[in-house]
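# Inside the fold
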Amino acid sequence: MLVNTKAIVISALKYGEADLIVRCFTEEAGVKSYILRGILKSKKGKLRTAMFQPATQLELVAMHKDKGTLESIREAKVIQPYVSLHTDILKSSMVLFLSEMLRNAIQEEEENRGLYAFLEHAFLWLDLHQQTANFHLFFLLELTKYLGFYPDTSAIENTHFNLETGTFEPVERFYSISEENLQTLKALLGINFDTLSSVKLNQKRRADFVNMLLAYYELHLHGFKKPKSLAVLSSLFN
């Protein structure tokens with residue numbers, strides 16, 4: 001079936017000498033993987049390698065056979081050209097990390113327009129703003145809304161947060177967090193990208209909170225793998 005859909009690139013992997021396998025989150029069909037044959041050597045084709053950098057927002061005309069195999073792209077155009085996302089070293093490293101998180105966390109091949117709208121807005125916001133040190137923390141926390149394990153804030157006044165149940169509790173348990181990670185979690189809940197700069201964190205607290213979030217993801221997503229690009233991101237914040 002020929003499909004017109006918006007898509008956000010999650011990853012692109014070289015395959016053989018000239019091919020590229022591109023994984024996208026599409027507005028119409030969720031996660032889709034495409035094989036772009038000869039793109040790495042072609043100089044005349046409509047498709048260009050630069051179009052398929054992580055987080056690039058595209059309009060696709062694609063052939064979806066929906067048989068669990070690699071799909072194909074007939075046409076693609078960039079619909080939201082970025083200003084700084086792929087040229088600013090901190091932002092590009094953050095995008096690399098978050099794209100790896102998305103590749104590990106999102107598996108479903110089904111429409112999820114709420115998640116698509118979130119990703120679309122988030123990457124545009126990152127591109128256009130400069131105070132972005134906390135962006136990845138808030139992004140990963142907000143992403144859990146669409147993955148099904150956003151923290152239950154009904155008892156947010158409690159002194160511990162249970163990573164296993166996703167609830168705030170008055171007593172410490174095996175998977176509980178407290179103190180600084182708890183303070184950071186409460187500070188990030190219920191705000192938005194535009195008020196992120198009001199949350200003041202040093203490098204250590206930011207790193208501790210990322211590791212806590214990764215543990216949270218591991219507990220709630222079967223087979224989840226920690227991203228290798230975290231080390232690169234951490235080194236830039238040091």
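Scroll up to find the structure.
Residues numbered from 1 in each chain as written. Predicted model: local features only at pLDDT ≥ 70, side-chain atom pairs only at ≥ 80, totals over all residues. Heavy atoms only, no water.

### A short note on the sheet that holds strand 8 (residues 176–177)
- A sheet is described by the order of its strands in space; here three strands give the open sequence 7-6-8, paired in antiparallel fashion. Looking at which strands have only one partner, the edges of the open sheet turn out to be strand 7 (167–169) and strand 8.
- Relative to strand 7, strand 6 (residues 160–162) is paired through three bridges, and the arrangement is antiparallel. For Phe 161, the partnering residue across the bridge sits in strand 7 and is Phe 168. (Pairing = 2+ DSSP bridges. Helix = DSSP H or I, 4+ residues; strand = E, 2+ residues; numbered from the N terminus.)

### Comments concerning the packing of aromatic side chains
- Under the definition given, this model contains 16 aromatic pairs.
- An angle of 40° between the planes, with centres 5.6 Å apart, marks the rings of Phe 123 and Phe 139 as tilted. Here Phe 123 is found in helix 2 (residues 113–128), whereas its partner Phe 139 is found in helix 3 (residues 135–147), with 16 residues between them in sequence.
- On the basis of relative accessible area, Phe 123 is assigned to the buried category, the value being 1%. (Phe/Tyr/Trp six-rings, centres within 6.5 Å; stacked < 30°, edge-to-face > 60°. Buried < 20%, exposed > 50% of the residue type's maximum accessible area, 1.4 Å probe, protein only.)

### Remarks on the pattern of salt bridges
- A full pass over the atoms with the stated rule returns 12 salt bridges.
- Salt-bridge contacts for Asp 19 lead to Arg 37; the nearest nitrogen and oxygen are separated by 3.3 Å. Within this pair, whereas Asp 19 is found in strand 2 (residues 19–26), its partner Arg 37 is found in the loop between strand 3 (30–36) and strand 4 (57–63), the two being separated by 18 residues in sequence.
- Take Asp 19: its relative accessible area is 14%, and that puts it in the buried class.
- Taking relative accessible area as the criterion, Arg 37 reaches 62% and is therefore assigned exposed.
- In this structure, Glu 28 engages Arg 113 in a salt bridge whose closest nitrogen and oxygen atoms are separated by 2.9 Å. (Salt bridge = Lys/Arg side-chain N within 4 Å of Asp/Glu carboxyl O.)

### Describing the sheet that holds strand 5 (residues 72–78)
- Taking strand neighbours across the sheet as the criterion, the five strands line up as 3-2-1-4-5 in an open arrangement whose pairing is antiparallel. The sheet is open, and its two edges are formed by strand 3 and strand 5, each paired on a single side. Strand-to-strand, the axes of this sheet are offset by a mean angle of 40°, without reference to chain direction.
- Here strand 2 runs beside strand 3; their pairing, made up of seven bridges, is antiparallel. When the bridges of strand 3 are listed, Val 22 appears paired with Tyr 34. (Axes fitted to C-alpha atoms, helices over the stretch in contact; angles between N-to-C directions.)

### Notes on the environment of Lys 145
- As for its placement among the helices and strands, Lys 145 is situated in helix 3.
- Expressed as a C-alpha distance, the spacing of Lys 145 and Gly 114, which sit 31 residues apart in the sequence, is 9.8 Å.

### A closer look at the nonpolar core
- Residues Phe 123, Phe 135, Phe 139 and Tyr 217 are the most contacted members of the largest nonpolar core, which totals 56 residues.
- Going through the elements one at a time, strand 1 (2–15), helix 1 (89–105), helix 2, helix 3, helix 4 (179–188), helix 5 (203–220) and helix 6 (230–237) are the ones with two or more residues in this core.
- Shared between two domains, this core holds at least three residues of each, these being domain 1 (2–78) and domain 2 (89–237).
- If we ignore the near neighbours within four places in the chain, the residues touching Phe 135 are Met 94, Leu 98, Ala 122, Trp 125, Leu 126, Phe 193 and Leu 196. (Core = buried A, V, L, I, M, F, W, Y, C linked by side-chain atoms within 4.5 Å. Domains from an automatic or database assignment. Contact = heavy atoms within 4.5 Å.)

### Regarding unusual backbone geometry
- With a phi close to 55°, Asp 66 is a non-glycine residue in the positive phi region.
- Within the fold, Asp 66 resides in the loop between strand 4 and strand 5.
- Given a relative accessible area of 46%, Asp 66 falls into the partly exposed group.
- Phi is positive for Glu 179, close to 55°, though the residue is something other than glycine.
- For Glu 179, a relative accessible area of 62% puts it in the exposed group.

### Details of helix 4
- Taken residue by residue, helix 4 has Asn 181, Leu 182, Thr 184, Leu 185 and Leu 188 as its buried positions. Angular distribution of buried residues about the axis of helix 4 spans 160°; they occupy a single face of the element. (Arc of directions from axis to C-beta.)

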